[in-house]
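Structure at a glance
In case you want the letters, here they are:
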Amino acid sequence: LRHLARKLRASGPVTVAEYMREALTNPGQGYYTRRGGVGESGDFITSPEISQVFGELIGIWYISEWMAMGKPTTLQLVELGPGRGTLTEDILRVFKQLASVLSKCDVSVHLVEVSPKLSEIQAVLLTGGKVQPNPEDESAYMKGISKTGIPISWYRDIQDVPPGYSFYLAHEFFDALPIHKFQRTERGWREVLVDIDPEVPDQLRFVLSPSRTPATQHFIQPEETRDHVEVCPEAGVIVQRLASRIEKDGGAALVADYGHDGTKTDTFRGFRNHKLHDVLSAPGTADLTADVDFSYLRKMAQGRTATLGPIKQRVFLKNMGIDLRLQVLLQNSGDTATREQLLHSYDMLMNPEKMGDCFNFFALLPHHRLVQPDKKDKPESKSPLPPVAGFNELLIK
Ligand code: SAH
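Residues numbered from 1 in each chain as written. Predicted model: local features only at pLDDT ≥ 70, side-chain atom pairs only at ≥ 80, totals over all residues. Heavy atoms only, no water.

1. Looking at the environment of Pro-163
Tracing the chain through its elements places Pro-163 in the loop between β6 (151-155) and β7 (166-171). Residue Pro-163 is classed as exposed on the basis of its relative accessible area of 61%. Sequence spacing of Pro-163 and Glu-393 is 230 residues, and the spatial spacing of their C-alpha atoms is 33 Å. Ignoring sequence-local partners within four residues, the contact set of Pro-163 consists of Gln-76, Arg-245 and Asp-249. (Helix = DSSP H or I, 4+ residues; strand = E, 2+ residues; numbered from the N terminus. Buried < 20%, exposed > 50% of the residue type's maximum accessible area, 1.4 Å probe, protein only. Contact = heavy atoms within 4.5 Å.)

Structure, rendered in structure tokens:
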């Protein structure tokens, strides 16, 4: 707050995006830099932290897509914002269990993480802490080998990840990126800004820009019908990069987050100790987040890849076979406490009132994965493309 108040007094109000960036990822005082409270003892809990089944089904999704794409001989798993590393760990366990399927594939893991604190937690979980910081001739800032023997590298930016056939994963990542907020007024679009309150010392408040800002001119779509809009240009840039990489080198991206398809207006909020927190109070001590606008992500893929979804988490997980997996785990667990825990976590993930409806899955895939290129000369060689798991109903033969 002191840092921001000084800045606001010296140079005037800042955009919500700049405020959010300072509060979350300022190198000295940002929330993710210092705290990054994912998990039960932190500020918010995420699906992979609730149940191992979540990550296992995502691991299966990647293997299924890898097989459908003709089993390429190398595969990079690239996770954006891996939190405590739990999701990667669950995926790697599935890869190990299916080692015979992946035996001819060279698998590596690439984690994009800005938080020094969280990258340390990820390194302990995934490698047992045996990592090499600042490896020479590498764009990675840390390297190690997973407990299952797979090389892992850490980067600050997706652009540092080497090119190649890759599966990207972004779970609760895009909602943490800075948004701009806009409001329609009688005089046209205005941007919502954060300023210091002149009446109360060290208190922040929202104000409207007196005139158009560069962001109002660039980020609002001409066909926009809402009166209040949130836009996350950084998410747009990252989706463009993912789409270009998939178009060039192949692979797929799976994005899972809470969000909407271009319908919601005011979703900027804070979380501290699992409770809603005023976004403007004590910046740097709470998680700040906004719903992901999937319609914007789809637009930003610019047709370089096909897109699927968003579909609700409970539908995606059901299509991935969560009910079968739950049955197996229940059968294998001897004690009542474990069974209750399994049923409770299933309910958290699937119940429409909990995480089942508000979380969505969205995918970027090469066009040829969904539409067969024309084979006019040899129509008989056209076998139907396998359906994309999760986005189609599960059929058990
Ligand atoms: N995917 C994890 C964690 C979600 S929290 C889970 O589902 O449990 C958001 C994550 O994104 C954290 O790891 C945070 O440090 C990281 N993060 C936030 N902003 C980032 C940025 N600009 N670049 C890279 N990582 C970022």
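2. Looking at the site of the ligand
Taken together, 19 residues are adjacent to the ligand, and Thr-46, Gly-81, Gly-83, Glu-113 and His-171 come closest. The separation between an oxygen atom of the ligand and a polar side-chain atom of Thr-46 is 2.6 Å. Within the side chain of His-171, an N or O atom sits 2.6 Å from an oxygen atom of the ligand. Taking 570 Å² as the accessible area of the ligand by itself, protein coverage stands at 95%. Among the residues making up the shell around the ligand, the classes are represented as 10 nonpolar, six polar and three charged. (Near = heavy atom within 4 Å. Polar contact = N/O pair within 3.5 Å; in protein donor to acceptor, adjacent residues only side chain to side chain. Areas by Shrake-Rupley, 256 points an atom, 1.4 Å probe, with all protein chains shown as cover. Nonpolar A, V, L, I, M, F, W, Y, C, P; charged D, E, K, R; others polar.)

3. A short note on a nonpolar patch on the surface
Taken together, the side chains of Leu-324, Leu-394 and Ile-396 present a nonpolar region at the surface, about 290 Å² in accessible area. By the secondary structure assignment, Ile-396 is in the segment after α16 (367-370). (Patch = residues over 30% accessible without salt bridge, like charges linked within 9 Å, V, L, I, M, F, W, Y side chains within 5 Å. Salt bridge = Lys/Arg side-chain N within 4 Å of Asp/Glu carboxyl O.)

4. Quick word on the domain arrangement of the protein
For the protein, the assigned domains are domain 1 (1-23 + 180-229) and domain 2 (36-179 + 232-369). In this assembly, 19 residues from domain 1 lie in contact with 24 residues from domain 2. Surface buried jointly by domain 1 and domain 2 totals about 1800 Å² across both partners, of which 64% is contributed by carbon and sulfur atoms. Among the residues of domain 1 in contact with domain 2, Tyr-19, Met-20 and Arg-226 are the three that bury the most area, contributing 35% of the side total. The tally of links from domain 1 across to domain 2 stands at four salt bridges. Measuring nitrogen to oxygen at the nearest pair gives 3.1 Å for the salt bridge that ties Glu-234 to Arg-21. Joining domain 1 to domain 2, the criterion identifies six residue pairs in polar contact (both at pLDDT 80 or more). Secondary structure elements with two or more residues in the side of domain 1 that touches domain 2: α2 (16-25), β8 (180-185) and β10 (204-208). The leading source of residues in the side of domain 1 that touches domain 2 is α2, at six residues. (Domains from an automatic or database assignment. Buried area = accessible area lost by both parts, 1.4 Å probe.)

5. Points about the sheet that holds strand β13 (residues 269-272)
Across the sheet, three strands lie side by side as β14-β13-β15; this open sheet has antiparallel pairing. Of all the strands in the sheet, just β14 (275-277) and β15 (287-289) have a single pairing partner and so form its edges. Strand-to-strand twist across the sheet, computed as the mean angle between neighbouring axes with direction ignored, equals 40°. As judged from the three bridges shared by β13 and β15, these two strands associate in the antiparallel manner. Residue pairing across strands places Arg-269 opposite Thr-289, the latter belonging to β15. (Pairing = 2+ DSSP bridges. Axes fitted to C-alpha atoms, helices over the stretch in contact; angles between N-to-C directions.)

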